[in-house]
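Listed here are the chains, written in short residue letters.
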Amino acid sequence: SQASFEEDGQTQPVVGHWKTLMPSKGSREEPEPGCQDAGGVDETQATEQLNVSRLRSSSVEIREKGSEFLKEELQKAQKELKLKDKECERLSKVREQLEQELEELTASLFEEAHKMVREANTKQAASEKQLKEARGKIDMLQAEVTALKTLVITSTPSSPNRELHPQLQSPSKAVFRKGHGRNKSTSSAMVSAASQNVTPEPVSRECKEVDSILFSEFQAWKESPTLDKSCSFLDRIYREDVGPCLDFTKQELSELVRVAVEQNTLTIEPVASQTLPVVKVSAEECGGPKKCALSGLPRTCKHRIMLGDSGNYYYISPSCRARITAVCNFFTYIRYIQQGLVRQDVELMYWEVMRLRREMSLAKLGFYPSEM
């Protein structure tokens, strides 16, 4: 056809053939009237064929470009899939590692829990053993307290029980012991009274009546025992008994004696078998075997006192010793109550306190046993 011929002529001219050229716009030649109809039909067919060929070529190009685009997208998708696979593999390894660590942690926790249970069982066994030992010690201490209570109630320095102290029954056989003093430790006062049948001396029958004010003050103090003299119970006793009983002529020395009694640091010992130490203060202040250091009066002094660890000894008369001893007995008993060593009914403890107060009242009035 003419269109294929034109395409062949455009691509490669052939020698010996005529090339039909399209007339330009400025020099278009009008067709001959005789050939106008036939030429128009051929030209229309050529144009349609040319358009079809162009559509075919463009569709081919579109297909090629689409296939190339799809190939590129496929390659990208494959690359992303490989990356996802690697990420999944990495995450699976992390998950396995975490599961392993979790198992190890769980195992260690169980082991630690079992270890704590074993230690708790061991401690519980040790605690039960200590509890049994403590109960045994408590039983032993209760027996000792019973003996001590019997000793304290039935024998005091101001009124000793002769059955607990057989040496007092025969004065000719009594000898002074070196280093005898008023010990602060209660263990030295323990005797075998619990294994003996102690029969206290018969006491004359007397009538007693509880004072409601004094008893209420003692009950309030017994709820929370203390040695603070600001409470109403001790304040009354300080004013009515302790203060007057320790009020001697030598005021300065009297104050030192009161402080030593309160702190339980005062020592009383006989003079007979003691070698006189080097006195650090004047002899007039310390007194002597024939002069009382507290009253300042000429009296026969069979005992002397030492305040704390000062090393200074002061000679005292039997009356002053009785007054100091009465106050010491009272403080010793209330200390026993404070420490829980006295296990009696409240009323019995109250009457014992009243008895000790009576001893202080008698001593401050000048009454004392002949053994002093």
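What counts as what
Residues numbered from 1 in each chain as written. Predicted model: local features only at pLDDT ≥ 70, side-chain atom pairs only at ≥ 80, totals over all residues. Heavy atoms only, no water. UniProt positions renumbered as here; feature names shortened; annotations may be inferred. Patch = residues over 30% accessible without salt bridge, like charges linked within 9 Å, V, L, I, M, F, W, Y side chains within 5 Å. Areas by Shrake-Rupley, 256 points an atom, 1.4 Å probe, with all protein chains shown as cover. Salt bridge = Lys/Arg side-chain N within 4 Å of Asp/Glu carboxyl O. Helix = DSSP H or I, 4+ residues; strand = E, 2+ residues; numbered from the N terminus. Buried < 20%, exposed > 50% of the residue type's maximum accessible area, 1.4 Å probe, protein only. Pairing = 2+ DSSP bridges. Lys, Arg positive; Asp, Glu negative; His and termini not counted. Charge placed at Lys NZ, Arg CZ, Asp CG, Glu CD. Phe/Tyr/Trp six-rings, centres within 6.5 Å; stacked < 30°, edge-to-face > 60°. Lys NZ or Arg CZ within 6 Å of the ring centre and 35° of its normal. Expected span 1.5 Å × (residues − 1). Arc of directions from axis to C-beta. Contact = heavy atoms within 4.5 Å. Polar contact = N/O pair within 3.5 Å; in protein donor to acceptor, adjacent residues only side chain to side chain.

- The name given to the protein chain in an unreviewed UniProt entry is Guanine nucleotide exchange factor for Rab-3A, with the source organism recorded as Calypte anna.
- Reading the Sequence similarities (unreviewed entry) entry of the UniProt record for the protein chain gives the comment "Belongs to the SEC2 family."

1. As for a nonpolar patch on the surface
Line of reasoning, step 1. The grouping of Leu102, Leu105 and Leu109 at the surface amounts to a nonpolar patch, some 310 Å² of accessible area in total.
Line of reasoning, step 2. Relative to the helices and strands, Leu105 is located in helix H2 (residues 36–154).

2. Structural notes on the pairing of strand S1 (residues 266–270)
Note on strand geometry: in a regular strand, side chains alternate between the two faces of the sheet.
Line of reasoning, step 1. In terms of burial, S1 is largely enclosed, as 4 of its 5 residues are buried.
Line of reasoning, step 2. Where S1 meets strand S2 (residues 303–307), 5 bridges bridge the pair, whose relative direction is antiparallel. Counterpart to Thr267 in the pairing with S2 is Met306.

3. Considering a negative patch on the surface
Line of reasoning, step 1. A grouping of Glu61, Glu64, Glu68, Glu72, Glu73 and Glu80 is seen on the molecular surface, where their side chains present a negatively charged patch.
Line of reasoning, step 2. Relative to the helices and strands, Glu68 resides in helix H2.

4. Quick word on the packing of aromatic side chains
Line of reasoning, step 1. What the rule picks out here adds up to 8 aromatic pairs.
Line of reasoning, step 2. Ring centres of Phe215 and Tyr350 lie 5.2 Å apart, and the angle between their planes is 90°; on these two criteria the pair is classed as edge-to-face. Of the two residues, Phe215 is situated in helix H3 (residues 212–223) and Tyr350 in helix H8 (residues 346–364); the sequence distance between them amounts to 135 residues.
Line of reasoning, step 3. Taking relative accessible area as the criterion, Phe215 reaches 18% and is therefore assigned buried.
Line of reasoning, step 4. For Tyr350, a relative accessible area of 2% puts it in the buried group.
Line of reasoning, step 5. Aromatic pair Phe218 and Trp221: ring centres 6.0 Å apart, planes at 35°, arrangement tilted. Taken together, the residues Phe218 and Trp221, both in helix H3 and 3 residues apart, mark about one turn of the helix.
Line of reasoning, step 6. Judged by its relative accessible area of 0%, Phe218 falls in the buried class.
Line of reasoning, step 7. Every member of this aromatic cluster is reached through a ring pair, and the members are Phe215, Phe218, Trp221, Phe233, Tyr350 and Trp351.
Line of reasoning, step 8. A cation sits over an aromatic face here: Lys229 above Tyr238, 5.2 Å from the ring centre.
Line of reasoning, step 9. Over the face of the ring belonging to Tyr313 we find Arg304, whose NZ or CZ atom lies 3.9 Å from the ring centre.

5. As for the environment of Lys229
Line of reasoning, step 1. Among the structural elements, Lys229 can be located in the loop between H3 and helix H4 (232–245).
Line of reasoning, step 2. Classification of Lys229 by relative accessible area gives partly exposed; the value is 40%.
Line of reasoning, step 3. As a C-alpha pair, Lys229 and Arg239 span 10 residues in sequence and 10.0 Å in three-dimensional space.

6. Details of H3
Line of reasoning, step 1. A rise of 1.5 Å per residue sets the reference length of H3, with its 12 residues, at 16 Å; its end C-alpha atoms lie 17 Å apart and thus fit the reference within 8%.
Line of reasoning, step 2. What H3 keeps buried is the set Leu214, Phe215, Glu217, Phe218 and Trp221. All buried residues of H3 lie within an arc of 160° about the axis, which places them on one face of the element. Opposite its buried face, H3 presents the exposed residues Ser212, Ile213 and Glu223, each directed more than 90 degrees away.
Line of reasoning, step 3. Contacts made by the buried residues of H3 are with H4, helix H7 (318–338) and H8.
Line of reasoning, step 4. Of the residues flanking the start of H3, the one acting as N-cap is Asp211, its side-chain oxygen 3.0 Å from the backbone nitrogen of Ile213.

7. Remarks on the side chain of Glu352
Line of reasoning, step 1. Mapped onto the fold, Glu352 is located in helix H8.
Line of reasoning, step 2. Separated by 2.5 Å, the side chains of Glu352 and Arg355 make a polar contact.

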